[in-house]
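# Fold and contact review
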Amino acid sequence: MKKLILLLLTLITIGEAHSQVVFGRDQTNSGGGLSINYSSPKEYEIADIEVRGVQFLDNNALISLSGLRVGDKIKVPGDEITTAIKKLWNQGIIGNISIFASKVEGDKIWLVIELTERPRLTKYIIEGVNKTKQGEIEEKIGLIRGKVLTDVVMKNTEFAVLKYMESKGYLNAEVKVVQQNDTILRNSAYLKVVIDKGQKVKIRNIKFNGNEEFTSAKLRKKFRNTGMVPKFSLPSEAIKTTAKLIWPPTLVKFIKGSKKTSKEDMREYLATHVNLNFFKSSKFVKEDYEEDKAGLIAFYNSKGFRDAEIISDTTYDISNKHMNIDLTVQEGNKYYFRDISWTGNYIYTDEQLDRILGIQKGDIYDLELVNTKLNFNPQGADISSLYMDDGYLFFSINPVEVGIAQDSIDLEMRIFEGAQATIDKVVISGNDKTNDHVILRELRTRPGDKFSRAELIRTQRELSQLGYFDPEQVNPVPIPDPINETVDIEWQLVERSNDQIELSGGWGGAFGFVGTFGVTFNNFSVRNITKPEHWRGLPVGDGQSLSLRFQANGRSFQSYSFSFVEPWLGGRNPNSFGLSFSKSIQRSINPVQNETLGWLKVTGISASLGRRVKWPDDYFTLSTGISYQRYDLFQFRSRSLGFDTGDANSITFNATFARNSINQPMYPQNGSSISLSASFTPPYSLWRDLDYENASARDRFKWLEYHKWNFDTQYYMSLTGKLVLAARAHFGYLGTYTSKTGVGPFERFQLGGAGLTGQNFLLGTDVVGLRGYPDNSITPQDFENNIEGGTIFNKYVMEIRYPISLAQSATIYALTFVEGGNNWDRFAEFNPYNIKKAAGIGLRVFMPAFGLMGIDWAYGFDRVPGSFDNAGPQFHFSIGQQIR
């Protein structure tokens, strides 16, 4: 009603402004006048047209818009002048218009168009709301400086602000848009948007009438947007020191007077009479309310009530900040499926289609379920996928009710199979940096292939996994051609940078430079290094990964690393090749004399080959590699390694068998990842001439001998919308071929904290995070051999995630979690049920230039080793994607 009144006022205002338009003679002209005989119009030839009163507008453009031209013949009075005035007025940029004759000689007339320009906007001010809402309102109204201030602009601004306030629950808000002249600039004005919010209107209760099959409480749950949310506190006046609820006498009388008081009766009474806030009121938004009403009918339909409808609904205020909703439903009869028949199917039999449909005679009638099973079933197979995965792009199916007998309905599935479609052209757009061949090699929809919806979805996943494109905007567009029985597919992509830079630095006084510099190019091109003409800022576009990193902590620690990965070695098959090199040194320094007391130097090199395999399915990969690590120690007593001077060498053969069906890397919503990796050193003890039982740790660990296993699994499931369940489990074991060698000090496990490696990578240590406990706090000690670190661990995690932003510039999501894990020194001590437990909340932010960053607050429920107290609350900061 408020909007209707404003619309009428707008029309009235426009009418009043238009009525000021006149045609007459120039009052300043002392010469001959123009005598108008309205009963006998006279024809004149326009000798000249002059425009007056213009400051910003172009005179010639205004004359052209009027439709009047020098040399034209017009009648005065006549329709030509009226039409000219209307044309100029319809532009919406003019306040008043007058057209008059400045001179008349014989049959020639000199016309003057005199007008007043509407002011232009210089700024606008929003009053009555906080800065956050001001920013949101600015986006809604879309005002820009220099815009002509017409009546329509003013009213549209008012409507937009009112609509925004209603969306926030302020149904009684009042908005005034006031135009005020700008005293600095001529013909300019600014707008003051004055908002009186009033009280936010919330829903006190939703009452249902006519519902017999379902309780009102159950129906209220279907109002997800406008319903009432459970609240977990009672008002203080309802609680006494004895912790007993003080029931009002009216409620006691109500309960005693009822033979049987149900939970629903109690709930109704509390909501309408007692006013105990067991439920938190929700704000009323009309769009959400309409959506919830449709959801209520969909719920009834899913339970067999195909004729259910809301025959009336009323919203009314019960105070200046609360309202009630009354709905009357007509449930109708409950129906069941009877006979389901198929027509037009020649490729598949009725029995095959019945199995996929999965609906039996006597099942509750649910047409939404039928459409899901026919067109798209995220939980399993559907009829449409059966046909479209075999190339039948032009397939269609229409369920028709062909018989209704009492409470039973017969359905006929009318199928048009059509011809199989062949892919003709594949078009790629949006890849400004990434070369076409990098995208084409990932496609499973190639020219000449039969169309397959499954392969289209799989290709969408593969392109999202590359990391070069915004996964939310990888959009396949099939363009069917039924006449030629072909289809073109356009892949619309939006590139995003996923290169990363790490830069920090400072001066540590006597220790010197402290800092980190690292760059990672995830879409590099080696072949274009010597071809600057192909650079796009850098040699990029071939999908290779290049990483360089330098880290220093003065003289006490320096580390240099380099890695390179080619995902398609040779360019024909998805066989990856990786190469990495690192060199690090950690020194023990006397801070008083600034002398080096000892050091640990680590040099490593590794190479790997990987390939995609098609068994058990084509989500699996197999990678193998070889690596060499050399540890050089001199009087290094900073860590418990079993010896402090000497060297150790590790040659390992590595293999990883993994399956990954996760839909996208940054915010997975479905799919799983399973990985089993193993590392083996040669069994040196078979041929080394060494008495291991009596040898020193320095001699025993000169050539490291072990086998190491890691098992990691992750599972993602969309709960509702983009709310995601993420479950993970991890297991690791480090063992030896024979007990006489013992497990060395390297490659062990440390548990606890955020999982940041720090300098532990020097020892090849696997640092496993466990939120709720201090970093590396769950690390067993082998006091007999003076070695720290576990040889077997397990960890379980369950998270609920919800995205705050999935924009290309930043992916942000909040999470809540429970997790547990433990770490043991010997296999004999291993107990998968003896875990350190924790729970908490967190936030993750991924920005392409800086990678993934996170913060968590967690509470550890169990005792930290070496302490008598539980871990308690802990804050954790993380950088990068933690594997475990």
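Criteria and cut-off values
- Residues numbered from 1 in each chain as written.
- Predicted model: local features only at pLDDT ≥ 70, side-chain atom pairs only at ≥ 80, totals over all residues.
- Heavy atoms only, no water.
- Core = buried A, V, L, I, M, F, W, Y, C linked by side-chain atoms within 4.5 Å.
- Buried < 20%, exposed > 50% of the residue type's maximum accessible area, 1.4 Å probe, protein only.
- Helix = DSSP H or I, 4+ residues; strand = E, 2+ residues; numbered from the N terminus.
- Expected span 1.5 Å × (residues − 1).
- Contact = heavy atoms within 4.5 Å.
- Phe/Tyr/Trp six-rings, centres within 6.5 Å; stacked < 30°, edge-to-face > 60°.
- Lys NZ or Arg CZ within 6 Å of the ring centre and 35° of its normal.
- Patch = residues over 30% accessible without salt bridge, like charges linked within 9 Å, V, L, I, M, F, W, Y side chains within 5 Å.
- Areas by Shrake-Rupley, 256 points an atom, 1.4 Å probe, with all protein chains shown as cover.
- Salt bridge = Lys/Arg side-chain N within 4 Å of Asp/Glu carboxyl O.
- Lys, Arg positive; Asp, Glu negative; His and termini not counted.
- Charge placed at Lys NZ, Arg CZ, Asp CG, Glu CD.
- Axes fitted to C-alpha atoms, helices over the stretch in contact; angles between N-to-C directions.
- Parallel < 35°, antiparallel > 145°, perpendicular 65-115°, else oblique.
- Nonpolar A, V, L, I, M, F, W, Y, C, P; charged D, E, K, R; others polar.
- Pairing = 2+ DSSP bridges.
- 1 Å grid on protein atoms, 1.4 Å probe; cavity = no way out; pocket = protein on both sides within 12 Å on 5 of 7 lines; lining within 4 Å.
- Points joined across faces, edges and corners; volume = space filled by probe spheres on them.
- pLDDT = per-residue confidence, 0-100.

Our focus in this paragraph is the nonpolar core. With 25 residues, the main nonpolar core has Leu600, Tyr631, Leu633, Phe701, Leu704 and Tyr773 as its most contacted residues. For this core, the elements supplying multiple residues, two or more each, are β26 (595-613), β27 (620-634) and β32 (749-751). Counting residues in each nonpolar core, the second largest holds 23 residues, with Val76, Ile81, Leu88 and Ile113 among its members.

Counted at 1.5 Å a residue, the expected span for helix α9 (residues 286-302) with its 17 residues is 24 Å, and the 24 Å between its end C-alpha atoms agrees. Residues of α9 that are buried sit in contact with β9 (202-209), α6 (216-220), β13 (309-317) and β14 (322-330). Note on α9: the residue one or two positions beyond its end, Gly304, has a positive phi of about 100 degrees.

With that out of the way, let us pick up the packing of aromatic side chains. Applying the stated criterion to the full structure yields 28 aromatic pairs. Pairwise contacts between aromatic rings join Phe731, Tyr733, Trp824, Phe827 and Phe830 into one cluster. Taking the ring centre of Tyr190 as reference, the NZ or CZ of Lys123 above it sits at 5.3 Å.

Judged by side-chain charge, Glu43, Asp79, Glu80 and Asp107 come together as a negatively charged surface patch. Relative to the helices and strands, Asp79 resides in helix α3 (residues 79-89).

Right, let's talk about the packing of helix α2 (residues 59-66) against α3 for a bit. Running from amino to carboxyl end, α2 crosses α3 at an angle of 125 degrees, the nearest separation of the two axes being 8 Å. Of the possible angle classes, the one that applies to α2 and α3 is oblique. Of the residues in α3, those touching α2 at Leu62, Leu65 and Ser66 are Ala84, Lys87 and Leu88. Grouping the amino acids of the contact of α2 with α3 by side-chain chemistry returns four nonpolar, one polar and one charged.

Another point: the pairing of β13. Relative to β14, β13 is paired through eight bridges, and the arrangement is antiparallel. Bridge assignment links Thr315 to a residue of β14, and that residue is Ile325. Here β13 hands over to β14 after four residues, the two strands then running antiparallel side by side.

Right, let's get into the sheet that holds strand β19 (residues 475-481). Sheet strands pair via backbone hydrogen bonds, and the direction of the pair is either parallel or antiparallel. Spatially, three strands are ordered β18-β20-β19 in an open sheet, and the strand pairing comes out mixed. The sheet is open, and its two edges are formed by β18 (422-429) and β19, each paired on a single side. This sheet shows a mean twist of 20 degrees between the axes of neighbouring strands, independent of strand direction. Where β18 meets strand β20 (residues 486-492), six bridges bridge the pair, whose relative direction is parallel.

This part takes up empty space enclosed by the protein. Rolling a probe over the atoms, with the probe sized like a water molecule, indicates the empty space that remains. Summed over all chains, the structure comprises four cavities of 30 Å³ or more. Roughly 100 Å³ of internal volume is contained in the largest cavity. Taken together, Tyr692, Arg700, Phe701, Trp703, Leu704, Glu705, Tyr706, Leu734, Thr741, Gly742, Gly744 and Phe746 make up the lining of the largest cavity. Looking at the lining of the largest cavity, its residues break down into seven nonpolar, three polar and two charged.

Attention now moves to the pairing of strand β29 (residues 671-680). Among the 10 residues in β29, seven count as buried, and that is most of the element. Bridge analysis of strand β28 (residues 646-660) against β29 gives eight bridges, and the strand direction is antiparallel. Bridging from a neighbouring strand, Asn660 pairs with Ser673 of β29. Taken together, the 10 bridges between β29 and strand β30 (residues 707-720) define a ladder with antiparallel strand orientation.

Another aspect to go through is the confidence of the model for the protein chain. Across the protein chain, the average pLDDT comes to 83, with 87% of residues at or above 70. For residues 229-261, every residue scores under 50 in pLDDT, and the model assigns this stretch 36 contacts once sequence neighbours within four places are set aside. Confidence drops under pLDDT 50 across residues 267-279; counting only partners more than four residues distant or on other chains, this segment forms 35 contacts.

Another aspect to go through is the layout of surface pockets. Quantified by volume, the second largest pocket comes out at close to 1,200 Å³. The set of elements that each furnish at least two residues to the lining of the second largest pocket consists of α14 (453-466) and β30. If one sorts the elements of the lining of the second largest pocket by residue count, α14 sits on top with eight residues. Looking at the lining of the second largest pocket residue by residue, the classes come out as 11 nonpolar, 14 polar and eight charged.

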